[in-house]
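Coordinates in review
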Amino acid sequence: MNGAAPATVLVVHDTRGGPWPVSGWLSAAGHRVVEATDHAQALAALADPQDPPDVAVLDARLPDGRVDELCARFRGRPGTAVVPVVQISSEVSAAADPAHNPDGGADACLTEPIAPEELLATVTAVLRYARARERAERLAARMTQLNRAALAVYAATRVETLAAAAAAGAAQLTGSAACAVVLAPDGRMLRMATPTPTARPEPRPAHPGVLDWLACRALGDRLGADMAVVPHPEWKEQLPESPMTGDVCMVLARTKRARPPVCLAVEATAVADGESRELLNQLAHGAAMAVEALRTYSEEHSLALTLQRSFLPTRLPRVPGVELAVRYVPASSRPRSAGTSTRPWRPMPGCCWRSAMWRGTHWRPPR
């Protein structure tokens, strides 16, 4: 929304001096005008959670106090501190002038007489600045959410935990029901879904070929990420017990060729703007990288176990009067997180199966 778009304007003026043309100028320009005649009405209108004004235009002639005192009260309240203020008076007060009082003064000061064009240009300018600041603050907050969700995905050491973190992150980023569909390294198809941003993701059924069906709607066999909207009946047919109630927007991401993609899905209405789509796209790409790291670790771990076990003897030597028993234990059974190195464990130089066997040997006295 730009500064020229219609806004709700709170106009505070003293009605004892007759009608004020400012309200009529603002209404003619397409703005919605809410009028107040004193400090109490102005503060009540600003604190309205259902319909807060976007900007306030204050008349210096108020019956219950100076306009700069009202500005200070605006700035001192958390709910009204960010509302831009335009002051109109016969002479500029140093206390209200933003050049002299940037913390407690108005955002702009006009001295009567003023032309309608001057007023509308000033209101547009302060609205443009306020809306740009609001967009920047909202984007910063959502980037923090994205960072938190990505950290949870990268810290996962199991694909189930990773899918749950991705679904929860998508729900929190978009304020919508969400689900994540992932093919586990062992071939299981996993779907984690959450009906609300605050609910804990839970497993839902998914048939083995669902990712192939989804890939036909978006991405195909390409690398990267792609987005598509699936009508709700088709989504429901492929993925029953879906928390989504309308059309579904899904993002598929793949980081290595010939690998199954990762799918994140939310309500289509929750990603109507480009900002939301880009954030969901980044989360899906991060989840695909994390799944690929776990899949690579699983493959390297299986290969390492096969190689290590190939060095073990098929049977123990027979020693008269001694009964031997050996247990082979891997160095670690806990997989690394997706954000760490995936190199398999290697024995220290000089280590061989005999020393490993000796540590695991239990001596039993002869019977």
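Our subject is the structure listed above.
Everything numeric in this text was worked out from a predicted model, so none of it was measured.

1. Quick notes on empty space enclosed by the protein
The final tally for this structure, using the stated rule, is 1 cavity of 30 Å³ or more. Taken as a whole, the largest cavity spans an internal volume of roughly 50 Å³. As for the largest cavity, its lining consists of Ala 253, Arg 254, Thr 255, Lys 256, Arg 259, Pro 260, Val 262, Ala 288, Val 291, Glu 292 and Arg 295. Those elements that place two or more of their residues in the lining of the largest cavity are strand E10 (248-254) and helix H8 (274-310).

2. Some points on the nonpolar core
The nonpolar side chains of a soluble globular protein tend to be buried with one another. Core analysis: the largest hydrophobic core is formed by 37 residues, its most contacted members being Val 153, Leu 162, Leu 264, Leu 280 and Leu 283. For this core, the secondary structure elements donating two or more residues are helix H4 (116-155), helix H5 (159-174), strand E6 (178-183), strand E7 (189-194), E10, strand E11 (262-267) and H8. Top contributing element to this core by residue count: H5, with 10 residues. Beyond its immediate sequence surroundings of up to four residues, Leu 283 is in contact with Leu 146, Ala 149, Ala 150, Ala 166, Gly 169, Ala 170, Leu 173 and Leu 264. Membership of the second largest hydrophobic core comes to 21 residues, among which are Ala 193, Leu 211, Met 244 and Val 248.

3. Comments concerning helix H1 (residues 21-28)
By the burial criterion, the buried members of H1 are Val 22, Ser 23 and Leu 26. Take H1 and look down its axis: the buried residues cluster within an arc of 100 degrees, on one side only. On its buried face, H1 sits against strand E1 (8-12), strand E2 (32-36), strand E3 (55-59), strand E4 (85-89) and H4. With its phi angle positive at about 100 degrees, Gly 30 sits one or two positions after the end of H1.

4. Some details on the sheet that holds E1
The parallel open sheet is built from 5 strands, whose spatial order is E2-E1-E3-E4-E5. Each of the sheet's edge strands pairs with one partner strand only, and the pair in question is E2 and strand E5 (108-111). The mean inter-strand angle of the sheet, taken between neighbouring strand axes irrespective of direction, is 20 degrees. Here E1 runs beside E2; their pairing, made up of 5 bridges, is parallel. Each bridged residue has a counterpart across the sheet, and for Leu 10 the counterpart in E2 is Val 34. H1 contacts E1, E2, E3 and E4 of the sheet and is inclined by roughly 160 degrees relative to E2.

5. Focus: the sheet that holds strand E8 (residues 202-203)
In spatial order, the strands read E8-E7-E6-E11-E10-E9; together these 6 strands make up an open sheet with antiparallel pairing. Of all strands in the sheet, those with a lone pairing partner are E8 and strand E9 (224-230), marking the two edges. Here E9 pairs with E10 via 7 bridges, running antiparallel. When the bridges of E10 are listed, Ala 225 appears paired with Ala 253.

6. Here's the deal with unusual backbone geometry
A cis amide bond links Glu 112 with the next residue in sequence, Pro 113, at an omega value of 0 degrees. Here Pro 113 shows up in the loop between E5 and H4. Positive phi, normally seen in glycine, also occurs at Ala 258, with a value near 65 degrees. Tracing the chain through its elements places Ala 258 in the loop between E10 and E11. Overall, the relative accessible area of 81% leaves Ala 258 in the exposed class.

7. Here's the deal with the side chain of Arg 142
By the element assignment, Arg 142 lies in helix H4. On the basis of relative accessibility, which here comes to 11%, the residue Arg 142 falls in the buried class. Setting aside residues no more than four positions away along its own chain, Arg 142 makes contact with Leu 173, Thr 174, Asp 273, Glu 275, Ser 276 and Leu 279.

8. Re the side chain of Ser 276
Tracing the backbone through its elements, the reader meets Ser 276 in helix H8. Residue Ser 276 is classed as buried on the basis of its relative accessible area of 4%. Setting aside residues up to four positions removed in sequence, Ser 276 forms contacts with Arg 142, Ala 270 and Val 271.

9. Description of the packing of H1 against H4
Remark: H1 packs on H4, axes separated minimally by 10 Å, with the N-to-C direction vectors making an angle of 65 degrees. If you check the angle between H1 and H4, you find them roughly perpendicular. Here H1 runs over H4; the crossing is right-handed. Residues Val 22, Trp 25 and Leu 26 of H1 form the contact with H4, whose participating residues are Pro 116, Leu 119, Leu 120 and Val 123. Considered class by class, the residues forming the contact of H1 with H4 number 7 nonpolar, no polar and no charged.

Rules of the game
Residues numbered from 1 in each chain as written. Predicted model: local features only at pLDDT ≥ 70, side-chain atom pairs only at ≥ 80, totals over all residues. Heavy atoms only, no water. 1 Å grid on protein atoms, 1.4 Å probe; cavity = no way out; pocket = protein on both sides within 12 Å on 5 of 7 lines; lining within 4 Å. Points joined across faces, edges and corners; volume = space filled by probe spheres on them. Helix = DSSP H or I, 4+ residues; strand = E, 2+ residues; numbered from the N terminus. Core = buried A, V, L, I, M, F, W, Y, C linked by side-chain atoms within 4.5 Å. Buried < 20%, exposed > 50% of the residue type's maximum accessible area, 1.4 Å probe, protein only. Contact = heavy atoms within 4.5 Å. Arc of directions from axis to C-beta. Pairing = 2+ DSSP bridges. Axes fitted to C-alpha atoms, helices over the stretch in contact; angles between N-to-C directions. Parallel < 35°, antiparallel > 145°, perpendicular 65-115°, else oblique. Left-handed = near helix turned anticlockwise from the far one by under 90°. Nonpolar A, V, L, I, M, F, W, Y, C, P; charged D, E, K, R; others polar.

So, to be careful, I would describe these as geometric facts and stop short of saying anything about function.
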